[in-house]
Amino acid sequence: MLQVSIGIIKNSSDQILVSNREKKKIYNDHWEFPGGKVQDRELPEEALVRELNEELGVVPMQFFHIDNIKYHYTDFTVELIPFIIEKYSGVITSKEGQGLKWFSLEQLNQIKIIPASKPIIKYLLANN
């Protein structure tokens, strides 16, 4: 099973940051929360810090974990390990050429976001 740490980053207007998937990946016309694969012998928190620094140029300073999401695609299963980012250092920048956009929770529920992320949006809407 593929484990992926993701960061849910809100701005001062309560919008949440998502990134556009790379063109060569499945669901390449969809949005996703920033983050990436947990590597061997790496804790999910370490993967979160590494991935957000690589992708966005920020370092999460205060964050907390919410329930993991297991999602079964046709060819594989992914386990999303989501973290709500309360504080970070640095300035958000697209370091890997990915599109970045801020959406309200209501907008997130209407955009093309990868299927595994939909339960997280449902959680956020219920706990807003």
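What comes next concerns the included structure. (Residues numbered from 1 in each chain as written. Predicted model: local features only at pLDDT ≥ 70, side-chain atom pairs only at ≥ 80, totals over all residues. Heavy atoms only, no water.)

## Focus on the overall build of the chain
Threshold: Helix numbers and strand numbers start at the N terminus; a helix is a DSSP run of H or I with at least 4 residues, a strand a run of E with at least 2. Using C-alpha atoms as the atom set, the radius of gyration is obtained and then compared with a globule rule of 2.2 Å times the number of residues to the power 0.38. Any two residues whose heavy atoms approach within 4.5 Å are treated as being in contact.
Secondary structure summary: the chain contains three helices and eight strands in total. Its helices and strands in sequence order give the chain the pattern β-β-β-β-α-β-β-β-β-α-α, from N to C terminus. In terms of overall dimensions, the chain is globule-like: its C-alpha atoms have a radius of gyration of 14 Å, near the 14 Å expected for 128 residues. Each of the three principal axes of the chain carries a C-alpha extent, and together these read 35 × 35 × 30 Å. Pairs at least 24 apart in sequence give 65% of the contacts found in the chain among residues at least 6 apart.

## Considerations on the sheet that holds strand β3 (residues 31–32)
Heads up, the rule is: Note: two strands are recorded as paired if DSSP finds a minimum of 2 bridges between them.
Here three strands make up an open sheet; going across it, the order is β3-β2-β8 and the pairing antiparallel. Unpaired on one side and paired on the other, β3 and β8 (100–103) mark the two borders of the sheet. Relative to β8, strand β2 (residues 16–20) runs antiparallel, the two being bridged by four bridges. Bridge pairing in β8 links Leu17 to Trp102.

## Some details on the environment of Leu105
Cut-off, in case you're wondering: Only protein chains enter the accessibility calculation, which uses a 1.4 Å probe. A residue is then buried if its area is under 20% of the maximum for its type, exposed if over 50%, and partly exposed in between.
Relative to the assigned elements, Leu105 resides in helix α2 (residues 105–108). A relative accessible area of 5% means that Leu105 is categorised as buried. Taking the C-alpha atoms as reference points, Leu105 and Asn128, 23 residues apart in sequence, are found 8.8 Å from one another. Ignoring anything within four residues of it in the chain, the contact list for Leu105 reads Ile16, Ile121, Leu124, Leu125 and Asn128.

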